[in-house]
Amino acid sequence: MEYVYKTKGTCSTNIELNVEDGVVKEVAFWGGCNGNLQGLSRLVKGMKVEDVISKLEGVRCGGRPTSCPDQLCRALHEMGY
C-alpha cells in the first residue's frame, strides 16, 4: 500500500511510504535534512512495521516535540499499523 503523510512539526514536509505485508518497502522524506533522512530511509527499508515503531516512536529532534522518525511512526499508525 502506498501512502503520503503530511508531517507536523518537523523539517520535512511529507513522508511517502510503501508498505506490503507489514514490511516497509520504501520510504521517502520530502524536504528536511536530506542526508540524515536518506540514511533513515535505508535503515527502515525491509524492516517489519512493528520493529520500526518500537525503535523510532517518540524520538525527538532537538527542542521540537517530534521528529521525522516519530512522524514516520505516526504515518504507519494512520495506515492501520
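See the structure above.
Since the model is a prediction, treat every value here as computed from it, not as a measurement.

S.K.: Residues and numbers for helix H2 (residues 49-56), please.
M.R.: Among the residues of H2, Val-49, Val-52, Ile-53 and Leu-56 are the ones counted as buried. Projected onto a plane normal to the axis of H2, the buried residues spread over an arc of 95° and lie on a single side. Among the exposed residues of H2, those pointing more than 90 degrees away from its buried face are Ser-54 and Lys-55. Where H2 ends, the next residue or the one after it, Gly-58, has phi of about 90°, a positive value.

S.K.: Describe the packing of H2 against helix H3 (residues 68-78), listing the residues and the values that go with them.
M.R.: The N-to-C vectors of H2 and H3 enclose an angle of 140°; their axes lie 9 Å apart at closest approach. Classified by the angle between their axes, H2 and H3 sit oblique to one another. Once H2 is placed against H3, the crossing between them reads as left-handed. Residues Val-49, Val-52, Ile-53 and Leu-56 of H2 pack against Pro-69, Asp-70, Leu-72, Cys-73, Leu-76 and His-77 of H3. When grouped by side-chain class, the residues that make up the contact of H2 with H3 number eight nonpolar, one polar and one charged.

S.K.: Quick one: what's the story with a negative patch on the surface, residue by residue and with numbers?
M.R.: A cluster of acidic side chains, namely Glu-2, Glu-16, Glu-20 and Asp-21, defines a negative patch on the protein surface. Counting through the fold element by element, Glu-2 comes out in strand S1 (residues 2-6).

About the thresholds
Residues numbered from 1 in each chain as written. Predicted model: local features only at pLDDT ≥ 70, side-chain atom pairs only at ≥ 80, totals over all residues. Heavy atoms only, no water. Buried < 20%, exposed > 50% of the residue type's maximum accessible area, 1.4 Å probe, protein only. Helix = DSSP H or I, 4+ residues; strand = E, 2+ residues; numbered from the N terminus. Arc of directions from axis to C-beta. Axes fitted to C-alpha atoms, helices over the stretch in contact; angles between N-to-C directions. Parallel < 35°, antiparallel > 145°, perpendicular 65-115°, else oblique. Left-handed = near helix turned anticlockwise from the far one by under 90°. Contact = heavy atoms within 4.5 Å. Nonpolar A, V, L, I, M, F, W, Y, C, P; charged D, E, K, R; others polar. Patch = residues over 30% accessible without salt bridge, like charges linked within 9 Å, V, L, I, M, F, W, Y side chains within 5 Å. Areas by Shrake-Rupley, 256 points an atom, 1.4 Å probe, with all protein chains shown as cover. Salt bridge = Lys/Arg side-chain N within 4 Å of Asp/Glu carboxyl O. Lys, Arg positive; Asp, Glu negative; His and termini not counted. Charge placed at Lys NZ, Arg CZ, Asp CG, Glu CD.

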